[in-house]
Amino acid sequence: MTNHWVDIKNANLVLVMGGNAAEAHPCGFKWVTEAKAHNKAKLIVVDPRFTRSAAVADYYAPVRAGSDIAFLGGVINYLLTNNKIQHEYVKAYTDAGFIVRTDYTFEDGVFSGYDETKRKYDKSTWMYELGADGYVKTDPTLTNPRCVFNLMKTHYARYTPELVSSITGTPKEQFLKVCEMIAETSAPDRTMTIMYALGWTQHSVGAQMIRTAAMVQLLLGNIGMVGGGMNALRGHSNIQGLTDLGLLSEALPGYLTLPKEAETDYKAYIEKRVQKPLRPGQFSYWQNYGKFHVSLMKAWYGDAAHKDNNFAFDYLPKLDKPHDILQVFEDMHQGKLNGYFCQGFNPLAAFPCKAKVGRALTKLKYLVTIDPLVTETSTFWENHGEYNDVDPAKIQTEVFRLPSTCFAEEDGSLVSSSRVLQWHWKGADPTAEAKSDLEIVAGIFLRLRGLYQKEGGAFPDPILKVTWNYAILSAPSPEEIAREYSGKALDDLMDPKDKTKVVRKAGEQLDGFGQLTDDGKTACGCWIFSGAWSEKGNLMGRRDNSDPSGLGITLNWAYAWPSNRRVQYNRASCDPSGKPWDPKRKLIGWNGAKWAGVDVPDFKPDAAPEDAMNPFIMNSEGVGRFFVVDKMGDGPFPEHYEPFESPLDVNPLHPKNPKAKNSPAARVFKDDLDQFGDAKEFPYVATTYRLTEHFHYWTKHTKLAAIMQPEQFVEIGEDLAKMKNIKSGDRVRVRSIRGFIKAVAVVTKRIRTLEVYGKKVYTVGIPIHWGFQGLAPNGFIANTLTPSVGDANTQTPEFKAFLVTIDKL
Amino acid sequence: MALQSLDITSRSATTTPSPGVRQTQKVAKLIDISKCIGCKACQVACMEWNDLRDEIGTNHGVYDNPLDLTDKSWTVMRFSEVELEKGKLEWLIRKDGCMHCADPGCLKACPAPGAIVQYSNGIVDFHEEHCIGCGYCITGCPFNIPRLSKKDDKVYKCTLCSDRVSVGMEPACVKTCPTGALVFGSKEDMIQHAEERIVDLKSRGYNNAGLYDPPGVGGTHVMYVLQHADQPQIYNGLPKDPQISLLVELWKGVLKPIMSLGLGLVALTGFFHYVTVGPNEVKEDANENQHGR
Ligand code: SF4
Ligand code: SF4
Ligand code: SF4
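Residues numbered from 1 in each chain as written. Chains lettered and ligands numbered in written order. Predicted model: local features only at pLDDT ≥ 70, side-chain atom pairs only at ≥ 80, totals over all residues. Heavy atoms only, no water.

Draft legend 1. Just the nonpolar core, in detail. Grouped together as the largest cluster of nonpolar side chains are 86 residues, with contacts concentrated most on A:Val14, A:Phe29, A:Leu43, A:Met195, B:Phe143 and B:Tyr224. Leaving out residues up to four positions away in the same chain, B:Tyr224 has contacts with B:Leu30, B:Ile31, B:Ile33, B:Arg94, B:Lys95, B:Asp96, B:Met99, B:Gly210, B:Leu211, B:Tyr212 and B:Leu238. Membership of the second largest hydrophobic core comes to 80 residues, among which are A:Leu15, A:Val46, A:Ala61 and A:Tyr159. (Core = buried A, V, L, I, M, F, W, Y, C linked by side-chain atoms within 4.5 Å. Buried < 20%, exposed > 50% of the residue type's maximum accessible area, 1.4 Å probe, protein only. Contact = heavy atoms within 4.5 Å.)

Draft legend 2. The arrangement of the site of ligand 2 in detail. Close to ligand 2 lie 13 residues; B:Cys98, B:Met99, B:Cys101, B:Cys106 and B:Cys141 are nearest. Residue composition of the shell around ligand 2, grouped by class: ten nonpolar, two polar and one charged. (Near = heavy atom within 4 Å. Nonpolar A, V, L, I, M, F, W, Y, C, P; charged D, E, K, R; others polar.)

Draft legend 3. Focus on the pattern of salt bridges. Tallied over the entire structure, the rule returns 49 salt bridges over all chains. For A:Lys659, the salt bridge is made with A:Glu116, and the minimal N-O distance between the two is 3.9 Å. With A:Lys659 in the loop between β25 (595-597) and β26 (667-668) and A:Glu116 in the loop between β6 (114-115) and β7 (120-121), this pair connects stretches of sequence that are 543 residues apart. Overall, A:Lys659 belongs to the partly exposed group, its relative accessible area being 45%. In this structure, A:Asp582 and A:Lys584 form a salt bridge, with 3.7 Å as the shortest nitrogen-oxygen distance. Look at A:Asp582 and you get buried, because its relative accessible area is 3%. In the salt-bridge network here, residues are joined through shared partners; they are A:Lys36, A:Asp58, B:Asp32, B:Arg197, B:Asp200 and B:Arg204. (Salt bridge = Lys/Arg side-chain N within 4 Å of Asp/Glu carboxyl O. Helix = DSSP H or I, 4+ residues; strand = E, 2+ residues; numbered from the N terminus.)

Draft legend 4. Spatial organisation of helix α2 (residues 30-39) of chain A. Those residues of α2(A) that sit buried are A:Val32, A:Thr33, A:Ala35 and A:Lys36. Burial along α2(A) is one-sided: seen end-on, the buried residues are contained in an arc of 160 degrees. Packed against the buried residues of α2(A) are β1 (13-17), β2 (42-47) and β8 (192-196) of chain A together with α6 (187-203) of chain B. At the C-terminal side of α2(A), A:Lys40 shows a positive phi close to 55 degrees. (Arc of directions from axis to C-beta.)

Draft legend 5. Here's a closer look at the confidence of the model for chain B. Residues and elements named next belong to chain B. Model confidence for chain B is summarised by a mean pLDDT of 88, while 84% of its residues fall at 70 or above. A low-confidence stretch, residues 260-293 (pLDDT under 50), is modelled with 45 contacts involving residues beyond four sequence positions or located in other chains. At the level of chain-chain contacts, confidence expressed as ipTM amounts to 0.95, with global pTM at 0.95. (pLDDT = per-residue confidence, 0-100.)

Draft legend 6. Representation of the sheet that holds strand β9 (residues 182-186) of chain B in the model. Residue and element names in this part refer to chain B. Pairing within the open sheet is mixed, and its four strands lie in the order β9-β2-β11-β10. Bordering the open sheet on either side are β9 and β10 (210-212), each of which pairs with just one other strand. Here the average twist between neighbouring strands, direction ignored, is 25 degrees. In the sheet, β10 pairs with strand β11 (residues 222-226) via three bridges, with the strands oriented antiparallel. Bridging from a neighbouring strand, glycine 210 pairs with leucine 226 of β11. (Pairing = 2+ DSSP bridges. Axes fitted to C-alpha atoms, helices over the stretch in contact; angles between N-to-C directions.)

Draft legend 7. Just the interface of chain B and chain A, in detail. Contact residues are listed per partner, giving 38 residues for chain B and 44 residues for chain A. Between chain B and chain A, a total of about 3300 Å² is buried, with carbon and sulfur atoms accounting for 62% of that surface. Looking at the side of chain B facing chain A, the largest losses of area belong to B:Ile56, B:Tyr63 and B:Arg204, adding up to 22% of the total buried there. Summed over the shared surface of chain B and chain A, the result is three salt bridges. (Buried area = accessible area lost by both parts, 1.4 Å probe.)

Draft legend 8. Structural context of helix α14 (residues 325-333) of chain A. All names here are of chain A. Of all the nine residues making up α14, eight are buried; the element is thus mostly covered by neighbouring parts of the structure. Inspection of α14 places Leu326, Gln327, Val328, Phe329, Glu330, Asp331, Met332 and His333 among the buried residues, and these make up the whole buried set. Buried residues along α14 sit in contact with β12 (339-343), α15 (347-350), α16 (354-362), β26, α20 (670-673) and β34 (789-790). If you check the start of α14, you find a side-chain oxygen 3.1 Å away from the backbone N of leucine 326, and it comes from aspartate 324. Just beyond α14, the residue with positive phi is glycine 335, at close to 80 degrees. (Polar contact = N/O pair within 3.5 Å; in protein donor to acceptor, adjacent residues only side chain to side chain.)

Draft legend 9. Local environment of the pairing of strand β3 (residues 59-62) of chain A. Residue and element names in this part refer to chain A. Burial along β3 is two-sided: Tyr59 and Ala61 facing one way and Tyr60 and Pro62 facing the other are all buried. Where β2 meets β3, four bridges bridge the pair, whose relative direction is parallel. Residue pairing for β3: aspartate 47 is matched across the bridge by proline 62.

Below, the structure is given as structure tokens:
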């Protein structure tokens, strides 16, 4: 979230799209209720289904699954043609006036630099024109046809209400009604918050859907504002912490990145990431990359990381390609993996194309699962009739199940969607033999290190030299880990302004990442978390909810990253002269000497407005980007592409170019290509989702949750039901090219037939929560049906739009 | 649930006068349907607090689960898909359970002394240890609430968490509701809160928004804020004008005293007929405007 949960109460308009907050985040949804009850806010829901969120919405509009970029691109077009943008904001705080290179092109759905055989773009033309001084050329009058504003205008002029309605199936009047309501928040004192979740992430163009929405928010001047922002609602209680700590194959903690295979030179690795300002006077905070990186290496390797060995740069793996889970299962499927550790993760249920995942697991020598529950993955080799029809005699994979504690049985911190690191204390002792994940991983590490010590090996140093100085070696405590990621001084730190003054003595906890250095004097396991455990103690454990402004900014409640800031980009809540756009909802302001207010300023504290430093300090341009240059894999402007399984034969935006039907840069593995179904055989659009009553594949183990929603079902609209002679309560079979599931049919008015590009589109809704373990009646794994295709940026699978057929049993 | 800290103002089949010294505030739970997202947290909280576990059932082609109130499910969410205006779908989700009538038909119908009581704060409670399992209360209830248990032949329903309320806590379901669709307090405060909600709903185009506090049963201690107060039936058959059946009134007013003298057999036949056939005129209009429950 750029903002935070409580801030939603300040919104004038709440847009729930690409998510179903009431269903999946019922507790956080209270802030929407609050906004409606006490701020006269309106709630819009745009979704293929009339959801539980829609049940309490002021306005609902249907949309075809997978067509959100068309919808939002249409909103951009509406705002631009009707001049409903926050002009001053757009001019001052975005790249609208930046000039783009002349060799950047967009032709019939494909951007310049496309390599069809690799399914990849060479992104070098997706760049600004740079002057001799190294800065971007700009045109503040926005008249240059090559400035971002005009390129954007042209790009989205194609997204007319008629075409949008034809692609999305949203009736035109309904689309326009939503546009009107959104446009009202272009006033400087009105804000819209956008709440989204996996309904946007899980598409082959998921990251671009989110970006399109962010562009809408930039046009309206809603980023950095109270009651505004782009608010990703995270699913697991600690999935935010997972991303923050870099548990992704290409990432290091705190959104630092692993070197690529070719990046063997340390200096070049750092220089590429230390981003110099692209406009005069900009902060370009990633200039500090080296400090974050070196402090991380010091936390991991201590004395073994020093200047002379480039702070152990050689210990870091160099990536040949992303090794995300889709890739790993592809490799496993090809027999390239011997073993797999599965920690708090149930891929047989959670991953697309269950058949492929199941086959891949049989090719392993061993599988280790670390989980509090018996997962489908850990029993993939058991025969459960139709639900898991395998022959155990033919499976040789050895499975080790290590029972772990669950969150309520251990102390630790969780990061909420609000970016708040909140400490929690255990509520119960672990059952039976369960051990904490820390203990389990420490145990594995110590044995592994012992083997390296004994037997040597090709390159034992990255394991042997790891700092491991916990009080109990086999059981590091959550407190020790927390202090480690927050960071400490390894040497006395002097005040840069007064070299005789010691700011932090060697061994003391740091106050924040501002104190990190790149000379090896500080250690910090995750720079964005720095300060969470300072010399003042464990700030994550604070529980003071006083809110002096009434805006929901509770700085003494736990600790928000970065720097305990609650609203990111909050400098943008003020006009260029430093006065709040909306004086009634003031977060910070320039007081003549510094930036101050109820929130922690997201800015250089003493940069006077006259210095013309811009609010988006993490970008080297200092401004928010409509044109995202080379930061995305599939284009600098979002474009609508059809899902890989689409009911349409063409992309209505590019009917003559088959190459632009689906995202040209989305990742598809060769042997998955023939696993795409065709609309002739599989005519209905399917989308998977979660229900309030359950949490993923866990709560079917819980009696109360199983009582509330016992049996697997699928939802269809009344028209499709009539065509297929299906009544509510009948049993049906839903089939995709990859397999089938059987379930009870729920026939509902809440799923409408949509008119899309001259044909009727019927949607089949598929809740995911069932499997062959737990207390709820056995069910089929919904991901038996889903395709294995990944977004070009995140490699997230396309769970939200694919094709099926349905029959009554 | 027998509790000593609340005064009892009426008891089934009892004529001894009730205590009247202490002044008690009337309480009420307000269910704001316009805020309810149907998350069923209240259902779970009710089971947890009251140590109940219903069966793990099946799906009946609807979101309602368990499908109906039972001896172990004292509250259930009822989902209705309603299209009052063409193209304007509404998904009305009503938390069903005992209404805690000021004039409780169940209590009036009950022949077992002290099996059903009403506390001075308005809560109607069953004291199962006195229940004889005759099921008359089921017939007497205009909301079709009490459920006879197959396990112990006694009747159960929502207690309005009288155990919690008696020690100054709100009911478990209210405490749990994430959206604030459930609120609890003095009946007076709840009416005032409802009025504010109704103003808000009217400003959003629900011209018939209103409070459901039906006078036919003397008002209730569980009230609803309805977006369409003119048509309560669309909320899965919430009765428009619930009344205690005349026969129950008769039974209470005339027959029960006569019965205790061993008379009135003829009239009784009529009542038993009524018991077996049931009063539920509610059900009919209920099905008109709703599909897929
Ligand atoms: S807990 Fe509240 S929001 Fe959830 S179903 Fe019950 S009344 Fe509705
Ligand atoms: S709703 Fe029925 S059970 Fe509840 S108090 Fe009224 S009559 Fe009795
Ligand atoms: S008031 Fe108590 S008994 Fe009644 S539904 Fe709520 S939790 Fe259950």
